[in-house]
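Breakdown of the fold
Next come the chains, spelled out residue by residue.
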Amino acid sequence: MTVRKGHGPSGCVVLDPDRPRPSRVRRGGRDDDFDGRVQLYLIGVVPLVIAELRNAGIGEVVRLRVEAVHELGSHGDDLQYGGRHQESSRRALATAIGILAHADGGVTAFGVHACTGPHEGCPGARLPVGSPATSGDGGPI
Ligand SMILES: [Zn+2]
């Protein structure tokens, strides 16, 4: 895959400023901030996936896509509720988002936007410098 010009090798991965913050759901007396945990994970890991895919051939991308689909289809419940496949299902989600970031306009899911090049309506272009989802120089992380 090739990264389009305008974003660095890690692409643009930001919190979607248009997504309303869900109210915290309480289950069993504990705070269950699934959305917040997934967003934090994706903000940290998807840039690495995008960078890793930079030199991947189409065959490698297809293999990773098939593995991610299989993992999420088989163990997506562990992603949300925990279980022995939670780590692998989270990794599969980050891989899927990293692959989809290469599509025109990137991808927005779970309150996170990821893309590899400038495009119309990119949430990364609207965020102020120094926001938690941008790097120190104001560029997308
Ligand atoms: Zn974008």
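Structure shown above.
Before going into details, it helps to say that this report is about the structure given with it. In this text the structure is predicted, and so the values were computed from the model without any measurement.

1. Here's the deal with the sheet that holds strand β1 (residues 12–15)
Read from one edge of the open sheet, three strands run β1-β5-β4, paired in antiparallel fashion. Of all the strands in the sheet, just β1 and β4 (107–109) have a single pairing partner and so form its edges. Recorded for the sheet is a direction-independent mean angle of 15 degrees between the axes of neighbouring strands. Relative to strand β5 (residues 112–115), β4 is paired through three bridges, and the arrangement is antiparallel. Opposite Ala109, over in β5, you have Val112 as the bridge partner.

2. Some thoughts on helix α2 (residues 58–81)
The end-to-end C-alpha distance of α2 is 33 Å, a good match for the 34 Å that 24 residues give at a rise of 1.5 Å each. At His75, α2 is deflected by roughly 70 degrees, the largest bend along its length.

3. Here we look at the nonpolar core
With 21 residues, the main nonpolar core has Val46, Ile97 and Ala114 as its most contacted residues. Where this core is concerned, the elements lending two or more residues are β1, α1 (34–53), α2, α3 (86–100) and β5. If one sorts the elements of this core by residue count, α3 sits on top with six residues. Beyond its immediate sequence surroundings of up to four residues, Ala114 is in contact with Gly11, Cys12, Val13, Val46, Ile50, Ile97, Gly98, Ala101, Gly106 and Val107.

Rules of the game
- Residues numbered from 1 in each chain as written.
- Predicted model: local features only at pLDDT ≥ 70, side-chain atom pairs only at ≥ 80, totals over all residues.
- Pairing = 2+ DSSP bridges.
- Helix = DSSP H or I, 4+ residues; strand = E, 2+ residues; numbered from the N terminus.
- Axes fitted to C-alpha atoms, helices over the stretch in contact; angles between N-to-C directions.
- Expected span 1.5 Å × (residues − 1).
- Bend = angle between axes of the 7 residues up to and from the residue.
- Core = buried A, V, L, I, M, F, W, Y, C linked by C-beta atoms within 7 Å.
- Buried ≥ 20, exposed ≤ 12 C-beta atoms within 10 Å, placed from the backbone.
- Contact = placed C-beta atoms within 7 Å.

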